[in-house]
Each structure stands twice: as C-alpha cells, then as structure tokens.
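Each chain is listed here by its residues.
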Amino acid sequence: MQNSPLILDGKVVAADVKNRLKDDIATLLSKNIVPGLTAILVGEDPASQVYVRSKERQAKKLGLHSDVIRLDAHSTQAELLAIIHQLNNDAKVHGILVQLPLPSHFDEDAVIEAINPEKDVDGFHPISVGRMQIGLDSFISCTPAGVLEILDYYKIVTSGKHVVVIGRSNIVGKPMANLLTRKGKRGDATVTVCHSRTPNMALFTRQADIIIAAVGVPELITADMIKDDVVIVDVGINRVGDAKLEKGYKLVGDVDYQSVLPKVKAITPVPGGVGVMTIAMLLSNTVKAAKKLSL
Ligand code: NAD
C-alpha cells in the first residue's frame, strides 16, 4: 500500500519566492528606486489579457511599479520596435516583457532580440539563453525557473536522477532540460527530452524518476506510462470543454491527474501548480534587474 502522494502546491512556493524578495525591494525603495516592469500587449487575445492583468496586479501588490502598453493588433513591427527602444532607454523601467504570442505579421525573434538583455526579465533573449546554457548568471525563463523552485522547496533531489522532460519549446522544454543538466544544486540530473517525433514515449517515461510535462496536449500522460513513486511536474495548461461548468470549460494539465495519482510520490496540480510560479519568477527577475541596473 502506498503512502498518499505529496501535492506540490505552487501557491505556497510562489508565496515563499515573493516573501524572499521583500528585503531586496525594501532596500531598493529606501534608495528611491522603484523596481519597474513594463509589459507590452499587442492585440486582444483574451488569455494574454488575463495574464498581463495578473502580472500587473501582483507586481503592484509587492510594491513594484508596473504598467502595460497596449497596442492595436494591426500595429506594425516598426511601431513595436520603437516602443521597445524607448523602454530600453528609460531608467525607470528595469524589466520589459512582450506578451507572446504576437499576431502573425510580427517577427517574434526580432522583437525579443530588440529588448535590452539587461531588462530581459522573461529570459527569452539569445544572450540570456546563451549565458544560461554555459552556466553564467542570467535571467532564466520564468516557467522552468519556477519548476526548479518547486522541486527545491519540497526538497526533491535532482542529482543523479533520471528526468524525462516532455516538450522542446524555447520557453519551457529546452531551458528546463538545460538547467537540470547543469552542475550543482537543482541540476546534476540525467535528462531525456521527448517531443512530438518521439516514438513510443512510454518507453522513456516508464524509466523516469521525475517527469516534467510541457506539451499542451490534455491528459497525455496516463498511469500505464509511469513507474511507481515517480515525481510529476505538470506544466501544461489546457482548456477542455465541460458543459457542467458555467464558463463551459475546465483547465487540465498534460497529465491524467486522477489516473496517475495512486502511483506517484509527488505531483503538481493544474491549476495551482506550476502556473502560479511563472509570475512569481517574473517578479523575481524584475527585482534582480532593478538591483543590477541601479545599485
Ligand atoms: P509548445 O507548443 O511551444 O511546445 C510543445 C512541445 O510539446 C513541442 O516541443 C512538441 O514537440 C511537444 N509535443 C507536442 N505533442 C506531443 C506529443 N504528442 N508527444 C510528445 N511531445 C509532444 O508549448 P509550450 O509553450 O512549451 O507549452 C507547453 C504547455 O505548457 C502548454 O499547455 C502551455 O499552456 C503550458 N505552459 C504553461 C506555463 C505556465 O505558466 N505554467 C507557461 C508556458 C507554457
């Protein structure tokens, strides 16, 4: 008979991360430096609107300055680049965030590259990615950074463990795999990366001590694909229709939570797991940027 699984509560860890920022924020404020985060939102995508509002609200709650520049969906690349250029040169702005995805006529790579790497609080700039890759201090993409915080908070050791990362996106899967192979605390893992072209993925997931799923396919990982006592971190956030609910949908992860629950040692719920960590890490990166640029 197995012990009941440990539920890895992102809300608790996010509160801890934000709490740890308070001393740094107080020091900055005592020097009349208000850490400033500016988000740029292009178009009307409802999910992006929700994210950006939430980022702004949480930043203000911690005493940061936060604002949102809203651009029409038909704005041009040149207009967006001009705004980024302005923010790059504005000493009050320490962190710049362009909410992705952008409408399809934008060149996202060029937009990300236009951000001053010292203000790249999303950690998407090639300089941030490259520095992370070779183990130098850098801004780390907020979602994988949040996953590491969760594992650390709950004392889940990665050293020597086989971690299977599912997904190879630039913002989650790839940086996640890289961070876990780095030397030292929170790293030292043996990492397998699975993706859409991996045949018979269960062959790999069944060998994993830790599974990190960042796929975007609802409930893809089922009980038959895991071994007993695995730790699962579910990054996926998927809307699936549910006529019983007033809003008409519910959020589920990439893992079939109910089916795997009896077998796992620990698991993050969706919602309430990794999702809440991402904004906490963004605020952490903003405070880090303010310290580096101002102190
Ligand atoms: P993405 O679409 O950029 O990448 C998905 C990856 O999954 C790809 O690398 C692809 O190769 C792989 N994949 C697709 N189908 C697969 C399959 N059947 N088997 C194995 N691999 C498959 O997505 P992303 O931006 O990395 O996001 C992944 C998920 O994480 C989404 O549900 C997204 O909403 C969620 N997400 C959550 C947060 C958060 O704050 N918690 C942040 C970013 C993304």
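Residues numbered from 1 in each chain as written. Predicted model: local features only at pLDDT ≥ 70, side-chain atom pairs only at ≥ 80, totals over all residues. Heavy atoms only, no water.

A. Summary view of the site of the ligand. Around the ligand sit 22 residues in total, of which Arg 168, Ser 169, Ser 196, Ile 237 and Thr 278 are the nearest. The separation between an oxygen atom of the ligand and a polar side-chain atom of Asn 238 is 3.4 Å. Between the ligand and Thr 278, the relevant distance is 2.7 Å, taken from an oxygen atom to a side-chain nitrogen or oxygen of the residue. Considering the ligand on its own, with 860 Å² of exposed area, one finds that the protein chains cover 70% of that surface. Considered class by class, the residues forming the shell around the ligand number eleven nonpolar, ten polar and one charged. (Near = heavy atom within 4 Å. Polar contact = N/O pair within 3.5 Å; in protein donor to acceptor, adjacent residues only side chain to side chain. Areas by Shrake-Rupley, 256 points an atom, 1.4 Å probe, with all protein chains shown as cover. Nonpolar A, V, L, I, M, F, W, Y, C, P; charged D, E, K, R; others polar.)

B. Up close: the sheet that holds strand S8 (residues 231-234). Ordered in space as S1-S11-S8-S7-S5-S6, the six strands form an open sheet in which the pairing is parallel. Each edge of the open sheet carries a strand with a single partner, namely strand S1 (6-7) and strand S6 (190-194). Across five bridges, strand S5 (residues 162-166) lies against S6 in parallel orientation. Looking at the pairing, Val 163 lines up with Val 191 of S6. Most of the contacts of helix H7 (residues 173-181) go to S5, to which it runs at about 170°, and overall it touches S5, S6 and strand S7 (210-213). (Pairing = 2+ DSSP bridges. Helix = DSSP H or I, 4+ residues; strand = E, 2+ residues; numbered from the N terminus. Contact = heavy atoms within 4.5 Å. Axes fitted to C-alpha atoms, helices over the stretch in contact; angles between N-to-C directions.)

C. Focus on helix H6 (residues 142-153). End to end, H6 covers 16 Å across twelve residues, agreeing with the expected 16 Å (1.5 Å per residue, within 8%). Judged by how many residues are buried, H6 sits mostly within the fold: ten of twelve residues are covered. Every buried residue of H6 is listed here: Cys 142, Thr 143, Pro 144, Ala 145, Gly 146, Val 147, Leu 148, Glu 149, Ile 150 and Leu 151. Tucked inside the fold, the buried residues of H6 contact helix H1 (10-30), H7, S7, S8 and helix H10 (275-294). One or two positions beyond H6, positive phi appears at Lys 155, with a value near 55°. (Expected span 1.5 Å × (residues − 1). Buried < 20%, exposed > 50% of the residue type's maximum accessible area, 1.4 Å probe, protein only.)

D. Structural context of the layout of surface pockets. Considered as a void within the structure, the second largest pocket measures approximately 480 Å³ in volume. Lining of the second largest pocket is provided by 24 residues; of these, Ile 140, Glu 149, Arg 186, Met 281 and Lys 288 occupy positions nearest its centre. Those elements that place two or more of their residues in the lining of the second largest pocket are H1, H6 and H10. Here the element with the most residues in the lining of the second largest pocket is H10; it accounts for six residues. Counted by class, the lining of the second largest pocket contains ten nonpolar, four polar and ten charged residues. (1 Å grid on protein atoms, 1.4 Å probe; cavity = no way out; pocket = protein on both sides within 12 Å on 5 of 7 lines; lining within 4 Å. Points joined across faces, edges and corners; volume = space filled by probe spheres on them.)

E. Main features of the sheet that holds strand S3 (residues 65-71). Strand order across the open sheet formed by three strands is S3-S2-S4, with parallel pairing between neighbours. Each edge of the open sheet is held by one strand with a lone partner, namely S3 and strand S4 (95-98). Adjacent strand axes in the sheet meet at a mean angle of 15° when their direction is disregarded. As judged from the four bridges shared by strand S2 (residues 36-42) and S4, these two strands associate in the parallel manner. Paired with Thr 38 across the two strands is Ile 96, which belongs to S4. Packed onto the sheet, helix H2 (residues 46-61) meets S2, S3 and S4 and runs at close to 160° relative to S3. Taken strand by strand, helix H3 (residues 77-88) contacts S2, S3 and S4, and its axis lies near 180° from that of S2.

F. A look at the domain arrangement of the chain. We note that the domain assignment places domain 1 (29-117) and domain 2 (141-275) within the chain. Between the C-alpha centres of domain 1 and domain 2 the distance comes to 28 Å. (Domains from an automatic or database assignment.)

G. Representation of empty space enclosed by the protein within the structure. The final tally for this structure, using the stated rule, is two cavities of 30 Å³ or more. Here the largest cavity defines a volume of roughly 50 Å³. Ile 96, Leu 97, Val 98, Leu 100, Ile 112, Ile 115, Asp 120, Asp 122 and Phe 124 together form the lining of the largest cavity. For the lining of the largest cavity, the leading source of residues is S4, giving three residues. Here the residues of the lining of the largest cavity are counted per class, giving seven nonpolar, no polar and two charged. In terms of lining, the second largest cavity is formed by Leu 37, Ala 39, Val 52, Lys 55, Glu 56, Ser 66, Val 68 and Leu 97. Of all the secondary structure elements, the ones that give two or more residues to the lining of the second largest cavity are S2, H2 and S3. Ranked by residue count, the leading element in the lining of the second largest cavity is H2, at three residues. Across the lining of the second largest cavity, the residue classes tally to five nonpolar, one polar and two charged.

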